[in-house]
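Observations on the three-dimensional arrangement
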Amino acid sequence: MICFILLISILDGAVSQLHYSVPEEQEPGSVVGNIAEDLGLDITKLSARRFQTVPSSRTPYLEVNLENGALVVKEKIDREEICKQTIPCLLHLEVFLENPLELFRVEIEVMDINDNPPSFPETDISVEISESAIPGTRFPVENAFDPDVGTNALSTYAITNNNYFYLDVQTQSDGNKFAELVLEKSLDREQQALHRYVLTAVDGGIPQRTGTALLVVKVLDSNDNAPTFDQTVYSVNLRENSPVGTLVIQLNATDVDEGQNGEIVYSFSSHNAPRIKDLFNIDARTGRIEVAGEVDYEESSTHQIYVQAKDLGANAVPAHCKVLVKLTDVNDNTPEIGFSTVTESVSEQDAPGTVIALFSVSDRDSGENGHMSCEILGDVPFKLKSSFKNYYTIVTDGPLDRENTDSYTITVVAKDKGQPSLATSKSIKVHVSDENDNAPRFTQAVYDVYVTENNVPGAFIHAVSALDPDIGQNALITYSILECDIQGMSVDTYVSINQDTGYLYALRSFDYEQLKEFSFSVQAKDSGTPELYSNATVNVIIVDQNDNAPTLIAPIGKNGTAIEHLPRSAEPGYLVARIVAMDADDGENARLSYSILRGNEMGMFRMDWRTGELRTARRISAKRDPQGYYDLLIEVRDHGQPPLSSSASVSVILVDSVVEGRSGDRGPASKAKETSLDLTLILIIALGSVSFIFLLAMIVLAVRCQKDKKLNLYTCLLAGDCCLCCSSCCSRQARGRKQKKLSKSDIMLVQSTNVTSGVGPVGQVPVEESGVGGVGGGFGSHHHQNQNSYCYQVCLTPESAKTDLMFLKPCSPSRNTEADHANPCGAIVTGYCDQQPDIISNGSILSNETKHQRAELGYLVDRPRRVNSSAFQEADIVSSKDSGHGDSEQGDSDHDATNRGHSAGESPLVQFLTTQL
């Protein structure tokens, strides 16, 4: 009958244990018990919790149905084969479940059945007894052996009824039964020399089983004295693993007889187990017992050796003794480590205490030699946790970082406490699985990308790169550009990025003159869960190319040719004209040089290549200069690579005086040549008379106006309103005088600012510096560091016949400060003014076509830094020319000399106005 007992114990760290008993020789498939039911487990969850047996505890005789938890017999169990004489005969099995981890020990006791009868080693047993043996003498007989145990073991012996002998059955200290043949009546060899009896061994099982042997008693002739031992039982201690030849004991038996009857021979008696003869030897003459084989404490801790001593006399009677050998354990077995379950990988985000492996340790030694301790070698983030007796779990002892260490080799060392201590080790490898815990990181926080303008759309401009220490999908990086606006348009219309490689491409051709630089943000994002990302800033800096030719803005001509007048009395160095040009490029690409390409074969003129000033190189000679005019071709060239140039035609007409030159504007030069000499002389005399009278009147008016003007100018500057002041000045002059022809000397520009700290010199126009890149700006630039406003008023004499006024309006910036802050993209933009200055000619606003001829002045306002700086070196805000000499040749010469003396402080605006007037 199969039964089980559920034991609950806390001894030695055990939590729960099942105890089953099963009779031996059960048929395969017999159910011993149901572990799951007996433990109260949910059978439906056994598979999910990976219900299984510990490999090291598995036995070929039993198996566990992992589906329903039933413990069944796998093959027939022979208790005598498994346990021999050991009581009880136990089989152990460990089962465990995961999630959570639970371990149970199952103990199966194999119950003995009476399936083996007692048996004698020999079927015929011979005993020699001297006839002189006295009644009561005992003679040991061969023991029978019954492999069964307990009540089924050998119980008693019996002999055929007779008159001479009876059996005395005794029990040894280990519980074994043996029989001695006791002489009950003296023998007489002469009457009967041979006695035959049936010796029967009976066990205690139900039903009883018996074994028999034929006992033959030979009656010998008498040898009166038998040998004797000092004691019947000897006890010795022997160290296990003692080498062969080690002395166990020296026996000594005595016999009082003489001769051969007193000569003793030692031997092992027939009572010994067969293993005794393999482990020990006895010297027949000396009685010395030595080690003959490997004595192992773990195999058996004690051995019983039966020795007999027999003399050489006739009818010798042997003497018997027992030697009890007790083995002393030595530390000769290293601990053993057996892993039950191992987790091959653990996530780097698993919390401390996560179970990695379950293992057990064992040591076959006993006592201190069998006591063990375990530890993990090395500095690893794992530790041991004791679960049950000799069972341990390996758990994490801290955070794991795959980027620092992607796998660990965990070495467990088990060491006993013997002397010397023995240890064993076993290693497992655990991989750390990756988690997306690292965001991509750019190699640079800011990328400066230099792109030459006029690039090809779609061209590669740069590559950004980000690194992610994770692996797999967690390290798969995609690149993108964050949405923002540049000049009101999406950044996606300017650049694109390859999402796999990070290569940046320009989607349009950049123009340095419109966009100097811009910035945007790129993002690198991995493919993990959750997605992690980082950003970097890309500054795209446009590099200027020499793609703009110089543009001539002064002097302004008709039909592509500018007309300038040169008095024949002009001295060498006389300023004929100043060529003003600009270049939309920057740096060396905008540095200009001026030269005369054609028309100066006579060496009449020289050109300052830096300032663009066209001056006379010598005096005018009637012989060398018979013609009345020069057609010059002026070239302006920049210093870019390759250099670009522009040219302009300047027609210089030789005149006798400035008045003649001005009147010549209204008719071609050919008309003067057709006039006769007499008519010319008359006109000169008449004109000279009129001019003299006009000069006197102008002197008087100029002196009076100059006094009022200085007083009003000082007052207006202190009040901060120059425009109203100059306007009042001019209005009073207009009421008191008639209008006359306007000359360059009639113009006076006065500067006014809203700065109340003081009044600066009137003759200087301060040039503000642009707030971008530290590049100096000029008048009209929309990049201001302060908001000083400038007011220019042109005061004219009442005699002015021709009035050309230009009012400058501020350029509207294309971008404001708020927009720059609100837009994540940054850009530096250079734009042109959308609104041209109003030009008033003779009291009326000019038409758009007429404006266009003079609208190039807007370049001076919007792009002052691009105009050659030499064009501003010889301008003057206050003209010092006397209006009374406006029609005389000598007046122009004086005016030119004055200009040369004050050229260092002259404003480009005044220079341009005086050139046109």
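Residues numbered from 1 in each chain as written. Predicted model: local features only at pLDDT ≥ 70, side-chain atom pairs only at ≥ 80, totals over all residues. Heavy atoms only, no water.

1. Points about the overall build of the protein
Convention followed: Each helix corresponds to a stretch of at least 4 residues labelled H or I by DSSP, and each strand to a stretch of at least 2 residues labelled E; elements are numbered beginning at the N terminus. Buried means the residue's accessible area, taken with a 1.4 Å probe over protein chains only, is under 20% of the maximum for its type, while exposed means over 50%, and partly exposed covers the values in between. The contact criterion used is simple: two residues touch if any of their non-hydrogen atoms lie within 4.5 Å. Calculation of accessible area relied on Shrake-Rupley with a 1.4 Å probe; when residues are assessed, cover is drawn exclusively from the protein chains displayed.
Scanning the protein from terminus to terminus reveals 12 helices and 56 strands. For the protein, the residues scored as buried account for 45% of the 917 residues in total. Across the protein, the fraction of contacts at a sequence separation of at least 24, relative to all contacts at a separation of at least 6, is 69%. Carbon together with sulfur atoms contributes 51% to the accessible area of the protein, which is approximately 46300 Å² in total.

2. Considerations on the pairing of strand β42 (residues 515–525)
Heads up, the rule is: Pairing between strands requires that DSSP locate at least two bridges from one strand to the other.
β42 sits mainly inside the fold: 8 of its 11 residues count as buried. By the bridge criterion, 4 bridges tie strand β37 (residues 478–481) to β42 in an arrangement that is antiparallel. When the bridges of β42 are listed, S480 appears paired with Q523. Two strands pair when backbone bridges link them, and β42 and strand β43 (residues 533–543) are joined in this way by 9 bridges, in the antiparallel orientation. Looking at β43, one finds that S519 is bridged to N539.

3. Re the sheet that holds strand β29 (residues 382–388)
Using the following cut-off: A fitted line through C-alpha atoms serves as each axis, taken over the contacting stretch for helices, and the angle formed by two N-to-C directions is quoted from 0 to 180°.
The 4 strands are arranged β25-β27-β30-β29 in an open sheet whose pairing can be described as antiparallel. In the strand order of this sheet, the two ends are held by β25 (336–342) and β29, each with one partner. Strand-to-strand, the axes of this sheet are offset by a mean angle of 30 degrees, without reference to chain direction. Note: β29 against strand β30 (residues 391–396), 6 bridges, orientation antiparallel. From the neighbouring strand, K385 faces β30, where its bridge partner is T393.

4. Quick notes on the pattern of salt bridges
Inclusion rule: A carboxyl oxygen of Asp or Glu within 4 Å of a side-chain nitrogen of Lys or Arg is what we treat as a salt bridge.
Evaluation of the coordinates by the stated rule reveals 21 salt bridges. We note a salt bridge from R285 to E263, for which the minimum N-O separation is 2.6 Å. Of the two residues, R285 sits in the loop between β21 (280–282) and β22 (288–291) while E263 sits in the loop between β19 (253–254) and β20 (264–268), which places them 22 residues apart along the sequence. Residue class for R285 comes out exposed when judged on its relative accessible area of 53%. Take E263: its relative accessible area is 33%, and that puts it in the partly exposed class. The residue E588 makes a salt bridge to R591 at a minimum N-O spacing of 3.0 Å.

5. Overview of the sheet that holds strand β48 (residues 592–598)
On the basis of which strands lie adjacent, the open sheet formed by 4 strands has the order β45-β52-β51-β48 and mixed pairing. Among the strands making up the open sheet, the edge pair consists of β45 (561–567) and β48. For this sheet, the mean angle separating the axes of adjacent strands, direction not counted, is 30 degrees. Two strands pair when backbone bridges link them, and strand β51 (residues 629–638) and strand β52 (residues 645–655) are joined in this way by 9 bridges, in the antiparallel orientation. Looking across to β52, one finds that D631 is bridged to S651.

6. A look at the packing of aromatic side chains
What counts, and what does not: Only Phe, Tyr and Trp rings take part, Trp by its six-membered ring, and two of them pair if their centres are within 6.5 Å. Stacked means planes under 30 degrees apart, edge-to-face means over 60, and tilted covers everything else. For a Lys NZ or an Arg CZ to count as sitting over a ring, it must be within 6 Å of the ring centre and within 35 degrees of the ring normal.
Throughout the structure, instances matching the rule amount to 15 aromatic pairs. Pairing F120 with Y157 gives two aromatic rings, centres 6.1 Å apart and planes at 50 degrees, and the pair type is tilted. In this pair, F120 sits in the loop between β8 (102–111) and β9 (124–130) while Y157 sits in strand β11 (residues 154–159), placing the two residues 37 residues apart along the sequence. Put simply, the rings of Y494, F510, F518 and F520 touch in pairs and so form one group of aromatic residues. Directly above the aromatic system of Y494 lies the positively charged group of R508, at a separation of 3.9 Å from the ring centroid. Sitting above the plane of the Y512 ring, K516 keeps its charged end 5.2 Å from the centroid.

7. Here we look at the nonpolar core
Note the following rule: Here, nonpolar core means buried Ala, Val, Leu, Ile, Met, Phe, Trp, Tyr and Cys residues that are tied together by side-chain atoms lying within 4.5 Å of each other.
Core analysis: the largest hydrophobic core is formed by 29 residues, its most contacted members being F442, V495, L504, F518, F520, V522 and V538. If you list the elements that add at least two residues to this core, you get β34 (446–452), β37, β40 (495–497), β41 (503–506), β42 and β43. With 5 residues, β42 is the single largest residue contributor to this core. Setting aside residues no more than four positions away along its own chain, F442 makes contact with Y447, V464, S465, A466, Y479, V522, Q523, A524, S534, N535 and A536.

8. Notes on unusual backbone geometry
The peptide bond linking Q419 to P420 adopts the cis configuration, its omega dihedral lying at -5 degrees. As for its placement among the helices and strands, P420 is situated in the loop between β31 (407–416) and β32 (423–433). Of the consecutive residues Q641 and P642, the connecting peptide bond is found in the cis state with omega at -5 degrees. For P642, the position within the fold is in the loop between β51 and β52. A positive phi angle, near 55 degrees, is found at N99, a position not held by glycine. Here N99 shows up in the loop between β7 (89–97) and β8.

9. Comments concerning a nonpolar patch on the surface
Quick note on the threshold: A patch is a set of surface residues, each over 30% in relative accessible area and not in a salt bridge, joined within 9 Å for like charges and within 5 Å for the nonpolar side chains Val, Leu, Ile, Met, Phe, Trp and Tyr.
Residues F692, I693, L696, I699 and V703 make up a contiguous nonpolar surface patch of roughly 470 Å² in combined accessible area. The residue I699 is located in helix α6 (residues 677–719) in this model.

10. Details of the environment of T452
With respect to the helices, strands and loops of the structure, T452 is situated in strand β34. Judged by relative accessible area, T452 falls into the partly exposed class, the value being 37%. Separated by 59 residues in sequence, T452 and D511 place their C-alpha atoms 8.8 Å apart. Excluding residues that lie within four positions of it along the chain, T452 makes contacts with V543 and Q545.

11. A word on the environment of A284
Position of A284 among the secondary structure elements: in the loop between β21 and β22. The exposure class of A284 is partly exposed, given its relative accessible area of 32%. Taking C-alpha positions, A284 is 5.2 Å from V265, a pair spaced 19 residues apart along the chain. If we skip the residues at most four places from it in the chain, A284 touches I264, V265 and Y266.

12. Some words on the side chain of D148
Threshold: Counting rule applied: Lys, Arg positive; Asp, Glu negative; His and chain ends not counted. Pairs of N or O atoms are called polar contacts if they sit within 3.5 Å, as long as, within protein, a hydrogen donor faces a hydrogen acceptor (for residues adjacent in sequence, only side-chain-to-side-chain pairs).
With respect to the secondary-structure elements, D148 resides in the loop between β10 (138–140) and β11. Within the buried core, D148 has no salt-bridge partner, and the shortest N-O distance to an opposite charge, that of R79, equals 5.3 Å. Of the polar contacts made by the side chain of D148, one reaches the backbone nitrogen of D115; its length is 3.4 Å. If near-sequence neighbours (up to four positions away) are discounted, D148 is found in contact with E24, R79, E80, Q85, D112, I113, N114, D115, N116 and A153.

13. Things to note about the side chain of R402
For R402, the location among the structural elements is in the loop between β30 and β31. Among the polar contacts listed, one links the side chain of R402 to the side chain of D434, at a separation of 3.0 Å. When sequence neighbours within four positions are dropped, the list of residues in contact with R402 reads E348, V432, S433, D434, P469, D470 and I471.

14. Some remarks on the confidence of the model for the protein
When pLDDT drops low, the exact placement of atoms in the prediction is not to be read closely. Rules: The quantity known as pLDDT measures the predictor's confidence residue by residue, on a range of 0 to 100.
With 73% of its residues at a pLDDT of 70 or more, the protein shows a mean pLDDT of 74. Counted against residues more than four places away or in other chains, residues 713–824, with its pLDDT under 50, gives 223 contacts. Contacts for the low-pLDDT stretch residues 828–917, under 50 throughout, to residues beyond four places or in other chains number 221 contacts.

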